[in-house]
Amino acid sequence: DAGITQSPRHKVTETGTPVTLRCHQTENHRYMYWYRQDPGHGLRLIHYSYGVKDTDKGEVSDGYSVSRSKTEDFLLTLESATSSQTSVYFCAISESYGGAGNTIYFGEGSWLTVV
Amino acid sequence: GQQVMQIPQYQHVQEGEDFTTYCNSSTTLSNIQWYKQRPGGHPVFLIQLVKSGEVKKQKRLTFQFGEAKKNSSLHITATQTTDVGTYFCAAGGSYIPTFGRGTSLIVHP
């Protein structure tokens, strides 16, 4: 498996609180992604990064922000968590942009429950 | 972005039966990748198809890319309980690949 570490792996938080999920990679890959996975929806892209301080929105970015201050770290922040953000969050990386056929490697996931 | 439709959403089979999942796009794809996610796990890359009409095999798994590069299929021969999981296709051609919603395979012993 690729060197991707997500933290925390499990978290329960209250509605309205801020939450930050961290993704750390040791592969020196340029691209990093945050996906959420919900039953019936598959993998939906929240945000992605194509370099330090270079980020862009995915299809479900509302309510989320990201930051990438170092190549190896990609943070996902829920500014004010809502119950609809209860989900499994996957960080992923690829050497170059995934659409060109570069393999996407996924982290083990972070289970977030908002109560 | 591109849209890919993956069917069926679920498939129940008896162990030993065959299984097929399909991935369809309305636009021509530059490539397509397949991933497998075991229950409670994370998606793991299986294979990539690039050429029109390409067929690749991995033991009991056969992957095909359509002649028009708008569809793909994954076929498993004689399923085993270890095949349980969700299979995703990921369509390339744009900057960021688009994942299908996945097909969950349930194998009954």
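**Considering the environment of Gln58(B)**
Residues and elements named next belong to chain B.
Logical step 1: Its location among the elements puts Gln58 in strand β6 (residues 55-58).
Logical step 2: What makes Gln58 partly exposed here is its relative accessible area of 28%.
Logical step 3: Along the backbone, Gln58 and Ile76 are 18 residues apart, and their C-alpha atoms lie at a distance of 9.5 Å.
Logical step 4: If we skip the residues at most four places from it in the chain, Gln58 touches Leu46, Ile47 and Phe63.

**Description of the sheet that holds strand β1 (residues 4-7) of chain B**
Residues and elements named next belong to chain B.
Logical step 1: The strand order β1-β3-β8-β7-β6 describes an open sheet built from 5 strands, whose pairing is antiparallel. The sheet is open, and its two edges are formed by β1 and β6, each paired on a single side. Sheet twist, expressed as the mean angle between neighbouring strand axes with direction ignored, is 15 degrees.

**A look at the nonpolar core**
Logical step 1: Ile32(B), Trp34(B) and Phe63(B) are the most contacted members of the largest nonpolar core, which has 20 residues in total.
Logical step 2: At the level of elements, β3 (19-25), β4 (32-37), β5 (44-49), β7 (61-65), β8 (71-76), β9 (85-91) and β11 (103-108) of chain B are the ones that each hand at least two residues to this core.

**What about the interface of chain B and chain A?**
Logical step 1: Facing 21 residues of chain B, the contacting portion of chain A comprises 25 residues.
Logical step 2: Between chain B and chain A, a total of about 1800 Å² is buried, with carbon and sulfur atoms accounting for 59% of that surface.
Logical step 3: Here chain B is connected to chain A by 0 salt bridges.
Logical step 4: Where chain B meets chain A, there are 4 residue pairs in polar contact (both at pLDDT 80 or more).
Logical step 5: Counting residues per element, the ones that place at least two in the side of chain B that touches chain A are β4 and β5 of chain B.

**Description of the side chain of Gln6(A)**
Residues and elements named next belong to chain A.
Logical step 1: Among the structural elements, Gln6 can be located in strand β1 (residues 4-7).
Logical step 2: What makes Gln6 buried here is its relative accessible area of 5%.
Logical step 3: Reaching out from Gln6, the side chain makes a polar contact with the backbone nitrogen of Cys91 at a distance of 3.0 Å.
Logical step 4: A distance of 3.1 Å separates the side chain of Gln6 from the side chain of Ser110, its partner in a polar contact.
Logical step 5: The contact partners of Gln6, leaving out residues within four places of it in the chain, are Arg22, Trp34, Tyr89, Phe90, Cys91, Gly107, Glu108, Gly109 and Ser110.

**Quick word on the pairing of strand β5 (residues 42-51) of chain A**
Residue and element names in this part refer to chain A.
Logical step 1: Summarising burial for β5: 9 of the 10 residues are buried, a large majority.
Logical step 2: Inspection of the sheet shows strand β4 (residues 31-38) paired to β5 by 7 bridges, in the antiparallel sense. Bridging from a neighbouring strand, Trp34 pairs with His47 of β5.
Logical step 3: Linkage of β4 to β5, two consecutive antiparallel strands, is achieved through a turn of 3 residues, within which Gly40 is found at a positive phi near 85 degrees.
Logical step 4: Strand direction decides the pairing type here: β5 and strand β6 (residues 54-57), joined by 4 bridges, are antiparallel. Counterpart to His47 in the pairing with β6 is Lys57.
Logical step 5: The antiparallel hairpin formed by β5 and β6 contains 2 residues in its connecting segment, where Lys53 sits at a positive phi of about 65 degrees.

**Digging into the state of the cysteines**
Logical step 1: Going through the model one piece at a time under the given rule, you end up with 2 disulfides over all chains.
Logical step 2: Between the sulfur of Cys23(A) and that of Cys91(A) lies a disulfide, 1.9 Å long from S to S. Its S-S torsion of about -70 degrees marks the bond between Cys23(A) and Cys91(A) as left-handed, since a negative value means left-handed. Taken together, the positions of Cys23(A) in strand β3 (residues 19-25) and Cys91(A) in strand β9 (residues 87-94) put the pair 68 residues apart, joining distant regions of the chain. Here Cys23(A) and Cys91(A) have matching classes, each one buried.
Logical step 3: Between Cys23(B) and Cys89(B) runs a disulfide, and the two sulfur atoms are separated by 2.0 Å. On the S-S bond that ties Cys23(B) to Cys89(B), the torsion sits near 65 degrees, and the link is right-handed. Linking Cys23(B) in strand β3 with Cys89(B) in strand β9, this pair joins segments that are 66 residues apart in sequence. Considered together, Cys23(B) and Cys89(B) belong to a single accessibility category, that of buried residues.

Rules and cut-offs
Note that residues are indexed from 1 along each chain, following the sequence as it is written. Starting at A for chains and at 1 for ligands, labels are handed out in the order in which the entities are written. With the structure being a predicted model, the display of local features is reserved for residues of pLDDT at least 70 and the display and counting of side-chain atom pairs for 80 or more, all residues being used for whole-chain, interface and lining totals. Water and hydrogen atoms were dropped before computing side-chain values, which therefore reflect all heavy atoms in the structure. Segments assigned H or I by DSSP are reported as helices when at least four residues long, segments assigned E as strands when at least two residues long, and all are numbered from the N terminus. Buried residues are those whose accessible area, probed at 1.4 Å on protein chains only, stays under 20% of the maximum for their type, while exposed residues exceed 50% and partly exposed ones sit between those limits. Contact between two residues is taken to exist if any of their heavy atoms lie within 4.5 Å; hydrogens are not considered. Between any two strands, pairing holds if DSSP finds at least two bridges. All axes here are fitted lines through C-alpha atoms, helices being fitted over the stretch that makes contact, and every angle between N-to-C directions spans 0 to 180 degrees. We define the nonpolar core as a collection of buried residues of types Ala, Val, Leu, Ile, Met, Phe, Trp, Tyr and Cys that are connected through side-chain atoms lying within 4.5 Å of one another. Buried area: the accessible area, evaluated with a 1.4 Å probe, that two parts lose upon being put together, summed over both parts. Take a side-chain nitrogen of Lys or Arg and a carboxyl oxygen of Asp or Glu: if they are within 4 Å of each other, that pair is a salt bridge. For this analysis, a polar contact is any N or O atom pair within 3.5 Å, provided that within protein one partner can donate a hydrogen and the other can accept it, and provided that sequence-adjacent residues contribute only side-chain to side-chain pairs. Cysteine sulfur atoms are paired as a disulfide whenever they fall within 2.5 Å.

Function cannot be read off these values alone, since they describe shape.
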